[in-house]
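Take a look at the letters that make up each chain.
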Amino acid sequence: MKIFHKKTAIIFILVLMIVSLVGCSGDELSLYKAMLKMQDITYYEQISDVSLRFDYQGEKNTDLDKVKLLMNSFKFTSKQNYSTNKSKDIMKISMDALMTLDDMTYNYKVWLDTNMTEKAPYYRQIIKMPFIARVSASEEYTNKEYIVIDSNNISSDNEEAMVFQNLPKLNKDIIQKSNDFIEKYMTDFIPNVKMVTKGESALVDGERATVYEVKLDDASLKSLVKHFVNDFANDEEAVDMMKDLAFVFYDVYGINQTNTYEEFKAQLDDVENQIPEMIEQFNTAMEKLENINILGKNGISIKYYINNKGYIIKQEGSVDLLLNVRKLAEAFEMNEDDLAGVPSDNVFEIGVDFTNTFKNINKAQEVVLPNINEDNSIDFFKLIEELQNPISYDSFKYFQDYNQEEESEEPGIKIRCEGYKVNLNNEIIVLDDVIYIPAQDFMEDMYVEWYWDNTANTLFGFINGYFIILKDNDYTMYMNGQTFLLSNKTFMKDGVLYIPLRSFAEKIGYAVEWEEETQTVHLKYIFPTFEF
């Protein structure tokens, strides 16, 4: 359950960064108050859209072109229902998400049910298994619809279970301490750049809202970050606050710690004494970044739409990043050996565009969770336990074959994948210079999940992130619901499905090379290509 530890720490850091982005006067203060008011909400519906942009400057690169194609196709849309009580210690969330990647669509649903009251704390996350995962799962789990992560299913003598019992205290202390501190720090902190501008009003789904825009270019972002870090490090109350939070985490996660409380306190004091040195190093690093752009021409731009009740009902924005790996490496004096293979002139342009819309704020509705039972769900901790069981010695035969001394010369064609020998129970067939392999044998030896429908002569499998369907006497290959053509028809022999090796392997991301001297086909995973 250390997910709580990480989430809480990340949220606190993000809130502090938001503080640094909105300052303490005029438009900045108005925006901050709206952000603070969002914490009072007990119910909302949120619709989110996220897309990515990628391009690069410099010498043309085939691999980067493939990355560009993939990233520019990424779309993520979700609808979330959030419900909580006034004290924020009981919460339910449902999310229905749709992700598109290279014209392939993935749909999944997640529910979260938490109770952080001291009387009976629990955490339950339910994930609806995508159809692809269900079909590719082992027979035991084929009919299971859900994966359930439930704190009540953790063994009582497990350290994680003991930690979980302390989480209500963490939840209560962290919220109270951080809220009090942030509100005070917000009042005192004076940003050194102008970031927030109040715009004209606009309509959001028929509701009038005031628009506030946060805008930063490369220079202003660096100046703001440097100013904020130095101001925070030199604020005694801020440092004391971080130490208090550290002690809260120690109280919760200090079970079986090798350090005593006094030793932990001494370590924190030591870190505090090193703050001046750390700030000096930070400022030196920021100086090295002065002439290296990390934001693109559009920088960071985020618009907040605030209604007449003071709630943010919409956010929309974009972030444009620049990444010049070579210049960054040289600025921070990396060894030449570490720079081997780093593009000398490629500059990566990465963009994120997003929109969040909030509806039905505080119009309480029930967040309905699916009915979970042993017949339709898998317990996550049980699944992990099974996966951690030692693998039998014979399971390593795949790897041993390659590590043995040169095997005796075998007649006929051989296949190696990433250097390892692929063992097939049935023969390899060559027709008209095309190599055909037994599909079931190949899937089995690659240690991937597969299923053979003997009635329909159809193979279902999950390999390299793709759910594939192959049928007898067919040119067609289905990948994640999309249709692709093989170079030659599949066929059956003695109850085994044979597929054209090169055409199949290239479609699931392998480069195929033929070594004439040893009559060996070499498969090397590079990147899926869809230029058929």
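Everything discussed here concerns the structure shown above.
Predicted model, so just to flag it, every value in this text is computed and none were measured. (Residues numbered from 1 in each chain as written. Predicted model: local features only at pLDDT ≥ 70, side-chain atom pairs only at ≥ 80, totals over all residues. Heavy atoms only, no water.)

### Let's talk about the pairing of strand E16 (residues 434-438)
Remark: a regular strand shows side chains that alternate across the two faces of the sheet.
Move 1: Most of E16 sits inside the fold, with five of its five residues counted as buried.
Move 2: Alternating positions in E16 separate into two faces, Val 434, Tyr 436 and Pro 438 on one and Ile 435 and Ile 437 on the other, with burial throughout.
Move 3: Where strand E15 (residues 429-431) lies against E16, three bridges are found, and the strand directions are antiparallel. From the neighbouring strand, Val 430 faces E16, where its bridge partner is Ile 435.
Move 4: Count of turn residues in the E15/E16 antiparallel hairpin: two residues, of which Asp 432 carries a positive phi of about 50°.
Move 5: Direction of pairing for E16 relative to strand E23 (residues 496-500): antiparallel, over a ladder of three bridges. Within E23, the position partnered with Ile 437 by the bridge is Ile 499. (Buried < 20%, exposed > 50% of the residue type's maximum accessible area, 1.4 Å probe, protein only. Helix = DSSP H or I, 4+ residues; strand = E, 2+ residues; numbered from the N terminus. Pairing = 2+ DSSP bridges.)

### Considerations on the packing of helix H9 (residues 261-273) against helix H10 (residues 275-288)
Move 1: Remark: H9 packs on H10, axes separated minimally by 4 Å, with the N-to-C direction vectors making an angle of 45°. It follows that H9 is oblique to H10 by the angle criterion. Here Val 271, Glu 272 and Asn 273 of H9 come into contact with H10, specifically with Ile 275, Pro 276 and Met 278.
Move 2: Looking at the contact of H9 with H10, its residues break down into four nonpolar, one polar and one charged. (Axes fitted to C-alpha atoms, helices over the stretch in contact; angles between N-to-C directions. Parallel < 35°, antiparallel > 145°, perpendicular 65-115°, else oblique. Contact = heavy atoms within 4.5 Å. Nonpolar A, V, L, I, M, F, W, Y, C, P; charged D, E, K, R; others polar.)

### Observations concerning the sheet that holds strand E19 (residues 466-471)
Move 1: Spatial strand order, E17-E18-E19-E20-E21: five strands in an open sheet with antiparallel pairing. On the outer flanks of this sheet lie strand E17 (449-453) and strand E21 (482-485), each paired with one strand and no other. Taken over all neighbouring pairs, the strand axes of this sheet differ in orientation by 20° on average, direction set aside.
Move 2: The sheet contact formed by strand E20 (residues 476-479) and E21 spans four bridges and is antiparallel. Within E21, the residue paired with Thr 476 across the bridge is Leu 485.

### Some points on the pattern of salt bridges
Move 1: Applying the stated rule across the entire model yields 15 salt bridges.
Move 2: Close ionic contact of Lys 243 with Glu 272 constitutes a salt bridge, the shortest N to O distance being 2.9 Å. With a gap of 29 residues between them, Lys 243 in helix H8 (residues 236-253) and Glu 272 in helix H9 connect regions that are remote in the sequence.
Move 3: The partner of Lys 265 in a salt bridge is Asp 269, and the shortest N-O contact between them spans 3.3 Å. (Salt bridge = Lys/Arg side-chain N within 4 Å of Asp/Glu carboxyl O.)

### Some words on H10
Move 1: Relative to the 20 Å expected for 14 residues at 1.5 Å per residue, H10 spans 20 Å between its end C-alpha atoms, a close match to the ideal helical length.
Move 2: Every buried residue belonging to H10 is among Ile 275, Ile 279, Asn 283 and Met 286, and all of these are buried. Angular distribution of buried residues about the axis of H10 spans 75°; they occupy a single face of the element. (Expected span 1.5 Å × (residues − 1). Arc of directions from axis to C-beta.)

### Observations concerning the packing of aromatic side chains
Move 1: This model, assessed by the stated rule, comprises 11 aromatic pairs.
Move 2: Members of the aromatic cluster, each reached through a chain of ring pairs, are Tyr 44, Tyr 82 and Phe 358.
Move 3: If you follow Lys 314 out to its NZ or CZ, it ends over the ring of Tyr 305, 5.4 Å from the centre. (Phe/Tyr/Trp six-rings, centres within 6.5 Å; stacked < 30°, edge-to-face > 60°. Lys NZ or Arg CZ within 6 Å of the ring centre and 35° of its normal.)

### Some points on the side chain of Asn 81
Move 1: Mapped onto the fold, Asn 81 is located in strand E2 (residues 75-84).
Move 2: Among the polar contacts listed, one links the side chain of Asn 81 to the side chain of Tyr 43, at a separation of 3.0 Å.
Move 3: Beyond its immediate stretch of four places on either side in the chain, Asn 81 contacts Tyr 43, Tyr 44, Glu 45, Lys 92, Ile 93, Ser 94 and Val 367. (Polar contact = N/O pair within 3.5 Å; in protein donor to acceptor, adjacent residues only side chain to side chain.)

### Let's talk about the environment of Asn 425
Move 1: Within the element layout of this structure, Asn 425 appears in the loop between strand E14 (420-421) and E15.
Move 2: Separated by 13 residues in sequence, Asn 425 and Pro 438 place their C-alpha atoms 8.3 Å apart.

### A few points about the pairing of strand E18 (residues 458-463)
Move 1: Burial analysis of E18 places five of its six residues in the buried class, which makes it a mostly covered element.
Move 2: Two elements, E17 and E18, share five bridges in a ladder whose sense is antiparallel. In the strand pairing of E18, Trp 452 is matched with Leu 459.
Move 3: Between E17 and E18, which pair antiparallel in sequence order, lie four residues; one of them, Asn 457, sits at a positive phi of approximately 50°.

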